[in-house]
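Chain and residue survey
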Amino acid sequence: MKNDTTAGDSGTQALDRALGLFTLVLKDRGKTALSDLATQAGLPVSTAHRLIAAFERQRLITRAARGRYVAGMGLAELAADRRQVLINASRPLLRRLARQQKRTAHLGILEAEMVTYLVKEAGGPGKVFTREMMQLEAYCTGIGKVLLAGLDKPVRERYLAGGPFPRLTDTTLTEPEQLRAAIATIAERGYAEDDAEMAEGLHCVAVPLHDRQGRVVAAISLTGLAETGTPGVPPALLATARAIEEKLWG
């Protein structure tokens, strides 16, 4: 029995080292030679090459230059599956939320500085123009502002450097400094509101979804006619966010 336990511990440690190297390669994005990454991971260079070869066979990592590696197409295909996981976990809960609140519920993620709407569940009066897989600008939507608030500061600042942004309605925030201040408030209070900033007459409130490390990976919202909205975040929206997180990560 003792030998079985020792073998199990050894296997777990080997897996930890392999995944540690894999993570280093992904974060490095081809800037550092594998021999140096092996040192950071506490691995012999020969072991690092053997592990990288296995990741290459699975198309998770590919060679970028001599001795340097980046994410492979296999990882991109897994990212597409990530969309479906988010959709499957959130749709029934968002459908219930929309019906209870008599508003339209959305789930969105940030892709190439745009919000991609993965789920739309209608539940109230008035027609909301969005549709699933539609992309909208982030700066003028509730979900978009929540996702911008969840970015690392350098990434967010690169986005803001693209301003001033087009004005869509009288309430659209167009200047980078305005948006920066709004994002700081959103990050502090944990939710965002779109007060007819994308389309006249529509009000939206959005909250983030976090992974186990506390990173913002998506956001959900309730959208409806401006007169149906009330200041602040509905408790049911927060409860739905927590329920989705529980389904995704336990």
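The text that follows walks through the structure, step by step, so that each part is easy to find.

Cut-offs used in this document
Residues numbered from 1 in each chain as written. Predicted model: local features only at pLDDT ≥ 70, side-chain atom pairs only at ≥ 80, totals over all residues. Heavy atoms only, no water. Axes fitted to C-alpha atoms, helices over the stretch in contact; angles between N-to-C directions. Helix = DSSP H or I, 4+ residues; strand = E, 2+ residues; numbered from the N terminus. Parallel < 35°, antiparallel > 145°, perpendicular 65-115°, else oblique. Contact = heavy atoms within 4.5 Å. Nonpolar A, V, L, I, M, F, W, Y, C, P; charged D, E, K, R; others polar. Core = buried A, V, L, I, M, F, W, Y, C linked by side-chain atoms within 4.5 Å. Buried < 20%, exposed > 50% of the residue type's maximum accessible area, 1.4 Å probe, protein only. Expected span 1.5 Å × (residues − 1). Arc of directions from axis to C-beta. Pairing = 2+ DSSP bridges.

1. Some details on the packing of helix α2 (residues 34–41) against helix α3 (residues 45–57)
Contact pair α2 / α3: the axes reach a minimum separation of 9 Å and the direction vectors enclose 105 degrees. Between α2 and α3, the interaxial angle falls into the category roughly perpendicular. Here Leu34, Ser35 and Ala38 of α2 lie close against α3, whose contacting residues are Val45, Ala48, His49 and Ile52. Residues that form the contact of α2 with α3 fall into these classes: 5 nonpolar, 2 polar and no charged.

2. Some remarks on the nonpolar core
Core analysis: the largest hydrophobic core is formed by 27 residues, its most contacted members being Val115, Tyr139, Ile143, Val146, Tyr159, Leu179 and Ile183. Counting only elements with at least two residues in this core, the list comes to β4 (114–121), α5 (142–149), α6 (153–160), α7 (176–189) and β7 (202–210). Looking at this core, the element that brings in the most residues is α5, giving 5 residues. Those residues in contact with tyrosine 159 that lie beyond four places of it in its chain are Glu113, Glu137, Ala138, Tyr139, Leu148, Phe165 and Leu179. Among the nonpolar cores identified, the runner-up in size contains 24 residues, and Leu94, Leu97, Leu107 and Val119 belong to it.

3. So, the packing of α5 against α7
Where α5 contacts α7, the two axes come as close as 9 Å, and the packing angle between them is 80 degrees. Looking at the two axes, α5 sits roughly perpendicular to α7. Where α5 abuts α7, its residues Lys145, Val146, Leu148 and Ala149 lie against Leu179, Ile183, Ile186 and Ala187. Of the residues belonging to the contact of α5 with α7, the class tally is 7 nonpolar, no polar and 1 charged.

4. Side note on α3
Across its 13 residues, α3 extends 18 Å between first and last C-alpha, which sits within 8% of the 18 Å expected from 1.5 Å per residue. Buried within α3 are the following residues: Thr47, Ala48, Leu51, Ile52 and Phe55. Viewed along the axis of α3, the buried residues span an arc of 130 degrees, placing them on a single side of the element. What points out from α3, more than 90 degrees from its buried face, is the exposed set Ser46, Arg50 and Arg57. One or two positions beyond α3, positive phi appears at arginine 59, with a value near 65 degrees.

5. What to know about helix α8 (residues 235–249)
For α8, with 15 residues, the first-to-last C-alpha span of 21 Å sits near the 21 Å given by 1.5 Å per residue. Buried residues of α8: Leu237, Thr240, Ala241, Ile244, Glu245 and Leu248, and no others. End-on view of α8: buried residues confined to an arc of 135 degrees, all on one side of the axis. In α8, the exposed positions that point more than 90 degrees away from the buried face belong to Pro235 and Glu246.

6. Focus: the pairing of strand β2 (residues 68–71)
As defined by bridge partners, strand β1 (residues 61–65) adjoins β2 across 4 bridges and the pair is classed as antiparallel. In the strand pairing of β2, alanine 65 is matched with arginine 68. Linking β1 back to β2 in an antiparallel pair, the connection comprises 2 residues, with glycine 67 at a positive phi of about 80 degrees.

7. Quick notes on unusual backbone geometry
Of the consecutive residues glycine 163 and proline 164, the connecting peptide bond is found in the cis state with omega at 0 degrees. As for its placement among the helices and strands, proline 164 is situated in the loop between α6 and α7. A positive phi angle is found at arginine 29, which is not glycine, with a value near 60 degrees. Looking at where arginine 29 falls in the secondary structure, it is placed in the loop between α1 (2–28) and α2. In this structure, glutamate 113 takes a positive phi of about 65 degrees despite not being glycine. Turning to its location among the elements, glutamate 113 is positioned in the loop between β3 (104–111) and β4.

8. Digging into the sheet that holds β3
The 6 strands lie next to each other as β5-β4-β3-β8-β7-β6, forming an open sheet whose pairing is antiparallel. For this open sheet the edge positions go to β5 (135–137) and β6 (192–195), each flanked by a neighbour on one side alone. Geometrically, the sheet is characterised by an average inter-axis angle of 30 degrees between neighbouring strands, direction not taken into account. Pairing of β4 with β5 involves 3 bridges; the strand directions are antiparallel. Along β5, the bridge assignment pairs valine 115 with leucine 136. The sheet strands contacting α8 are β7 and β8 (216–225), and the helix crosses β7 at an angle near 35 degrees.

It is worth stressing that arrangement in space is one thing and function is another; only the former is reported here.
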